[in-house]
Amino acid sequence: MEFPAPHSLPWQYRIPSHLLFPYNFIPENYVHWTETPESHIFSADIPGVRKEELRVEVEDSRYLIIRTEAVDGSTEPMRKFERKFRLPGRVDLDGISAGYEDGVLTVTVPRSLRRGFYIDPADVSANLEVLARAA
């Protein structure tokens, strides 16, 4: 088995990964997601952006979109930012709230308390006839 000579490798393979990507490296458009029993919380550090330039929307009842956009057509926002997240199945879309304080946007998506279809055995009448049996 032959190994290539060290001088023929690309530069990315000659530098240790901890020097290329230090442990404190955080991408510019990073959004922190936290899951609690009551809700999902998305927080993004977006300094230098006015509150009016932030837009939080839900698309097709499945996706949460966080972006910056110009207030009027002539000016651009101080910082471009856009992230799209797929929402879990059981969330309360009407209860979504957002707050922007000290350059940090926090979006709270509450969980839906509705559970699946359930029939209480006490509500079933005694004269119910069986239409089918399991095999």
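This text goes with the structure placed above it.
An account of the accompanying structure is given in this report. (Residues numbered from 1 in each chain as written. Predicted model: local features only at pLDDT ≥ 70, side-chain atom pairs only at ≥ 80, totals over all residues. Heavy atoms only, no water.)

## Here's the deal with the overall build of the protein chain
And step 1. In terms of helices and strands, the protein chain carries two helices and seven strands.
And step 2. Beginning at the N terminus, the succession of helices and strands in the protein chain can be written as α-α-β-β-β-β-β-β-β.
And step 3. Split into buried and exposed, the 135 residues of the protein chain put 20% on the buried side.
And step 4. Long-range contacts, defined as pairs at least 24 residues apart, comprise 46% of the intrachain contacts of the protein chain with a sequence gap of at least 6.
And step 5. For the protein chain, the exposed surface amounts to about 11,200 Å²; the carbon and sulfur share of it is 54%. (Helix = DSSP H or I, 4+ residues; strand = E, 2+ residues; numbered from the N terminus. Buried < 20%, exposed > 50% of the residue type's maximum accessible area, 1.4 Å probe, protein only. Contact = heavy atoms within 4.5 Å. Areas by Shrake-Rupley, 256 points an atom, 1.4 Å probe, with all protein chains shown as cover.)

## Digging into the pairing of strand β2 (residues 39-45)
And step 1. Here strand β1 (residues 31-35) runs beside β2; their pairing, made up of five bridges, is antiparallel. Looking at β2, one finds that Trp33 is bridged to Phe42.
And step 2. Joining the antiparallel neighbours β1 and β2 is a turn of three residues.
And step 3. Here seven bridges tie β2 to strand β7 (residues 104-110), and the two strands are oriented antiparallel to one another. (Pairing = 2+ DSSP bridges.)

## Details of the sheet that holds β7
And step 1. On the basis of which strands lie adjacent, the open sheet formed by four strands has the order β1-β2-β7-β6 and antiparallel pairing. Each end of this open sheet is capped by a strand with a single partner; those strands are β1 and β6 (97-101). Going from strand to strand, the sheet's axes swing by 15° on average, the running direction of each strand aside. (Axes fitted to C-alpha atoms, helices over the stretch in contact; angles between N-to-C directions.)

## Considering the environment of Ser39
And step 1. In this fold, Ser39 is placed in strand β2.
And step 2. With a relative accessible area of 8%, Ser39 lands in the buried category.
And step 3. Distance from Ser39 to Thr108, taken between C-alpha atoms, is 6.6 Å for residues 69 residues apart in sequence.
And step 4. Non-local contacts of Ser39, meaning those with residues more than four positions away in its chain, are made with Thr34, Thr108, Val109, Pro110 and Arg111.

## Re unusual backbone geometry
Peptide bonds are mostly trans, and most non-glycine residues show a negative phi.
And step 1. At Ser61, a residue that is not glycine, the phi angle is positive and equals roughly 55°.
And step 2. Note on placement: Ser61 falls in the loop between β3 (54-59) and β4 (63-68).
And step 3. Within the chain, Asp102 stands out as a residue other than glycine whose phi angle is a positive 55°.

## Focus: the environment of Val56
And step 1. Looking at where Val56 falls in the secondary structure, it is placed in strand β3.
And step 2. Taking the C-alpha atoms as reference points, Val56 and Ile66, separated by ten residues in sequence, lie 4.7 Å from one another.
And step 3. If we skip the residues at most four places from it in the chain, Val56 touches Leu64, Ile65, Ala98, Leu105 and Val107.

## Observations concerning the packing of aromatic side chains
And step 1. All told, the structure shown has one aromatic pair when counted by the stated rule.
And step 2. Over the aromatic face of Tyr63 sits the side chain of Lys84, whose NZ or CZ is 4.7 Å from the ring centroid. (Phe/Tyr/Trp six-rings, centres within 6.5 Å; stacked < 30°, edge-to-face > 60°. Lys NZ or Arg CZ within 6 Å of the ring centre and 35° of its normal.)

## Structural notes on the nonpolar core
And step 1. Ranked by internal contacts, the top residues of the largest apolar core, which has 16 residues, are Phe42, Ile46, Leu64, Leu105, Val107 and Val109.
And step 2. A per-element tally of this core places β7 first, with three residues.
And step 3. Look past the residues within four positions of Val109 in its chain and what remains in contact with it is Ser39, His40, Phe42, Leu64, Leu87, Val91 and Ile96. (Core = buried A, V, L, I, M, F, W, Y, C linked by side-chain atoms within 4.5 Å.)

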